[in-house]
2 protein chains.
Amino acid sequence: MPTDRPQPVFVLVRPQMGENIGAAARAMWNFGLDRMRIVAPRDGWPNPRAVAMASGAGRLLDEAVLVDGTSAAVGDCSFVLATTARARGLTKPVLSPERAMALAAERIAAGERVAVLFGPERAGLENDDIARANAVINVPVNPEFASLNLAQCVLLTAYEWQRAGGGIMHERVDMAGAEWAEQIEIEKLSEHYEARLAEAGFFFPEHKADSMRLNLRNMWSRMPLTRADVQTLHGVLRQMVRWKERG
Amino acid sequence: MPTDRPQPVFVLVRPQMGENIGAAARAMWNFGLDRMRIVAPRDGWPNPRAVAMASGAGRLLDEAVLVDGTSAAVGDCSFVLATTARARGLTKPVLSPERAMALAAERIAAGERVAVLFGPERAGLENDDIARANAVINVPVNPEFASLNLAQCVLLTAYEWQRAGGGIMHERVDMAGAEWAEQIEIEKLSEHYEARLAEAGFFFPEHKADSMRLNLRNMWSRMPLTRADVQTLHGVLRQMVRWKERG
């Protein structure tokens, strides 16, 4: 069963190599997309090479809808995007993958059905296919070297679909069970170092002692220290003192 | 000749298949990145399979810097990112590719050198490599199906680098004349502490010594240390030793 989450349909138009169909399925499922339609695959259908390559994403191939023309593939969709590597002399909005998937997300949220067309490996989509699309998606690659393959194009589009879906955490810390130290703990750490280092004669010469203390305190407070880090740093100092005391 | 545009270095750590090295080069050059470093490739170097796969991006392989360890690969960099597929039990910021490349762009614009580490195909980076990084990059894939290969991970990161190309500063640090420490300086600081603390009997009991060392190293690399901080921390330790020696 496909997932319930509303999503665009990815349409592979006249794909050639079975391996690439399998790789496209994997690329989609990495980002939670599982609705594929396939237009007139060169080597027929089902394709054992596609199945072998898809491995854990094989379900997408089992559930893929096979059709014989692009018009049948997008017939039930109200917004169609066509991926192309180069301009085609057709007057058509050209969107970045990011912008395209943001628009797709808006339309899908409003209850529309959206399709994204991907052309065959060598030649890409024909103008006839592109003419059915509301807009074109163009991945902004290096003008000196544009060599995205089918699965990579699917991957970047699926990635942008997920980014458009929100819920991506841009930044977090893998705390691995650790907790951030509280300010009071940092303060005590700072005092511990100041006291021992004073005993050890660190704050020298006298006229620089204040600024040395300030720099040290500023350093501790700037560090993202966990409670475990604070304990480690106390431990480091204690051990040095014990070592000294053993003489 | 590499392009002049300031950019992060992509470091392939212990890559296995030559084809994947070639595919990574293509993925990079699609988005205008052309500085690759390779740590201890399994099948030696140069690798004809890598060259065959790279085709139009072969120049990146010709100019790739071969090194025998991760520390040599990132020694001249002041900001290191490590790509991982899963949490590793190390306390470390976890960034989306978008956020990570935005930060990389800001730091590069400020004159810093940035490296991104990619692990070997099967196992990914080792904790020892990750402990050298300032932060981790995690591509937010489908939790039920995470199957990005090496070249796809390189592709998404390179794509986000290009998207970040605006060089917009979202956040900056008032450096007040200070400079960030380079990785080699952090490495030496870490070694200094490890050596002295070992003498002082800190790494005890024996069966916990390795994980204590790893945690300590991870702590230093996670800290935003300036060159002055590094000097201070060396000074702290030296002074404690001197104090001990005075008896």
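It should be emphasised that the depicted structure is a prediction, and the values quoted were computed from it without experimental measurement. (Residues numbered from 1 in each chain as written. Chains lettered and ligands numbered in written order. Predicted model: local features only at pLDDT ≥ 70, side-chain atom pairs only at ≥ 80, totals over all residues. Heavy atoms only, no water.)

Trainee: Before we go on, may I ask you to explain the interface of chain B and chain A in this structure?
Mentor: By a widespread convention, an interface's size corresponds to the accessible area lost as its parts come together. Counting from both sides, the interface comprises 65 residues of chain B and, opposite them, 64 residues of chain A. At the boundary of chain B with chain A, total buried surface from both sides reaches about 5,700 Å², with 63% on carbon and sulfur atoms. Considering only the surface of chain B that becomes buried against chain A, Phe145, Trp243 and Lys244 of chain B emerge as the three largest contributors, covering 13% of it. Run the count over chain B and chain A and you get 5 salt bridges. We note a salt bridge from Arg222 of chain B to Asp229 of chain A, for which the minimum N-O separation is 2.6 Å. Inspection of the region where chain B meets chain A yields 21 residue pairs in polar contact (both at pLDDT 80 or more). Elements that contribute at least two residues to the side of chain B that touches chain A include exactly helix H1 (18-30), strand E5 (92-95), helix H5 (97-109), helix H7 (150-163), helix H8 (183-199), helix H9 (209-222) and helix H10 (227-246) of chain B. (Contact = heavy atoms within 4.5 Å. Buried area = accessible area lost by both parts, 1.4 Å probe. Salt bridge = Lys/Arg side-chain N within 4 Å of Asp/Glu carboxyl O. Polar contact = N/O pair within 3.5 Å; in protein donor to acceptor, adjacent residues only side chain to side chain. Helix = DSSP H or I, 4+ residues; strand = E, 2+ residues; numbered from the N terminus.)

Trainee: In this structure, what is going on with the domain arrangement of chain A? I would like to understand it.
Mentor: When the domains of chain A are assigned, the result is domain 1 (9-164) and domain 2 (183-246). Taking only C-alpha atoms, the centre of domain 1 of chain A and the centre of domain 2 of chain A are 59 Å apart. (Domains from an automatic or database assignment.)

Trainee: Hey, could you run me through the sheet that holds strand E4 (residues 79-83) of chain A in this one?
Mentor: In a beta sheet, neighbouring strands pair by backbone hydrogen bonds and run either parallel or antiparallel. Residue and element names in this part refer to chain A. The strand order across the open sheet built from 7 strands is E3-E2-E1-E6-E4-E7-E5, with neighbouring strands paired in parallel fashion. The strands lining the two open edges of the sheet, one partner per strand, are strand E3 (65-67) and strand E5 (94-95). Across 4 bridges, the pairing between E4 and strand E6 (residues 114-118) is parallel. Each bridged residue has a counterpart across the sheet, and for Val80 the counterpart in E6 is Ala115. Each of strand E1 (9-13) and strand E2 (36-39) is contacted by helix H1 (residues 18-30), which is oriented at about 160° to E2, the strand it contacts most. (Pairing = 2+ DSSP bridges. Axes fitted to C-alpha atoms, helices over the stretch in contact; angles between N-to-C directions.)

Trainee: How should the nonpolar core be read in this particular structure?
Mentor: As a rule of thumb, nonpolar side chains are buried together in soluble globular proteins. Judged by nonpolar contacts, the single largest core of 87 residues is most densely connected at Met36, Leu81 and Val154 of chain A together with Met36, Leu81, Met101 and Val154 of chain B. Filtering out sequence-adjacent residues up to four positions away, Met36 of chain A remains in contact with Phe10, Leu12, Ile21, Ala24, Ala25, Met28, Leu61, Ala64 and Val65 of chain A. One finds Ile186, Tyr193, Phe203 and Leu216 of chain A within the second-largest nonpolar core, a separate group that totals 42 residues. (Core = buried A, V, L, I, M, F, W, Y, C linked by side-chain atoms within 4.5 Å. Buried < 20%, exposed > 50% of the residue type's maximum accessible area, 1.4 Å probe, protein only.)

Trainee: What is the right way to read the confidence of the model for chain A from this model?
Mentor: Looking at chain A as a whole, the pLDDT averages 89, with 95% of positions reaching at least 70. Across the interface, the model reports ipTM at 0.80; the global pTM reads 0.83. (pLDDT = per-residue confidence, 0-100.)

Trainee: Would you mind going over the side chain of Gln152 of chain A with me for this structure?
Mentor: Its relative accessible area of 10% is what places Gln152 of chain A among the buried residues. What Gln152 of chain A contacts, discounting residues up to four positions off in sequence, is Ser147 of chain A together with Leu155 of chain B.

Trainee: Looking at this structure, how should I read empty space enclosed by the protein?
Mentor: Gaps between atoms show up when a probe of the same size as a water molecule is rolled over them. Residues and elements named next belong to chain B. This model, assessed by the stated rule, comprises 2 cavities of 30 Å³ or more. The computed volume of the largest cavity comes to approximately 90 Å³. Surrounding the largest cavity, Asp128, Ala131, Arg132, Gln183, Ile186, Glu187, Ser190, Arg217, Trp220 and Ser221 form its lining. Of all the secondary-structure elements, those providing two or more residues to the lining of the largest cavity are H8 and H9. If one sorts the elements of the lining of the largest cavity by residue count, H8 sits on top with 4 residues. When its residues are assigned to classes, the lining of the largest cavity shows 3 nonpolar, 3 polar and 4 charged. In terms of domain composition, the lining of the largest cavity takes at least three residues from each of domain 1 (9-164) and domain 2 (183-246). Estimates place the volume of the second largest cavity at around 40 Å³. (1 Å grid on protein atoms, 1.4 Å probe; cavity = no way out; pocket = protein on both sides within 12 Å on 5 of 7 lines; lining within 4 Å. Points joined across faces, edges and corners; volume = space filled by probe spheres on them. Nonpolar A, V, L, I, M, F, W, Y, C, P; charged D, E, K, R; others polar.)

Trainee: Can you help me understand the packing of H1 of chain B against H7 of chain B in this one?
Mentor: For any two helices packed against each other, one specifies the crossing angle of their axes together with the interaxial distance. All names here are of chain B. As a packed pair, H1 and H7 sit with axes 8 Å apart at the nearest point and diverge in direction by 15°. Considering the angle they form, H1 stands roughly parallel to H7. Viewed along their axes, H1 and H7 form a crossing whose handedness is right-handed. Across from Asn20, Ala23, Ala24, Ala27 and Met28 in H1, the residues of H7 making contact are Leu150, Ala151, Val154, Leu155 and Ala158. When the residues that make up the contact of H1 with H7 are grouped by side-chain class, the tally is 9 nonpolar, 1 polar and no charged. (Parallel < 35°, antiparallel > 145°, perpendicular 65-115°, else oblique. Left-handed = near helix turned anticlockwise from the far one by under 90°.)

Trainee: In this structure, what is going on with the packing of aromatic side chains? I would like to understand it.
Mentor: Two aromatic rings are characterised by how far apart their centres lie and by the angle between their planes. In total, this model carries 9 aromatic pairs over all chains according to the counting rule given. On the numbers, 6.3 Å between centres and 85° between planes, the contact of Tyr159 of chain A with Tyr159 of chain B is edge-to-face. With one member in each of two chains, Tyr159 of chain A in helix H7 (residues 150-164) and Tyr159 of chain B in helix H7 form a pair that bridges those chains. Here Phe10 of chain B and Phe118 of chain B contribute two aromatic rings whose centre-to-centre distance is 5.0 Å and whose plane-to-plane angle is 50°, an arrangement assigned as tilted. Taken as a pair, Phe10 of chain B in strand E1 (residues 9-13) and Phe118 of chain B in strand E6 (residues 114-118) lie far apart in primary sequence, 108 residues in all. Each member of the pair, Phe10 of chain B together with Phe118 of chain B, is buried. In textbook terms, an aromatic cluster arises when at least three aromatic residues are bridged by ring pairs, as seen for Phe31 and Tyr159 of chain A together with Phe31 and Tyr159 of chain B. Against the face of Trp29 of chain A rests Arg59 of chain A, its NZ or CZ located 4.8 Å from the ring centre. (Phe/Tyr/Trp six-rings, centres within 6.5 Å; stacked < 30°, edge-to-face > 60°. Lys NZ or Arg CZ within 6 Å of the ring centre and 35° of its normal.)

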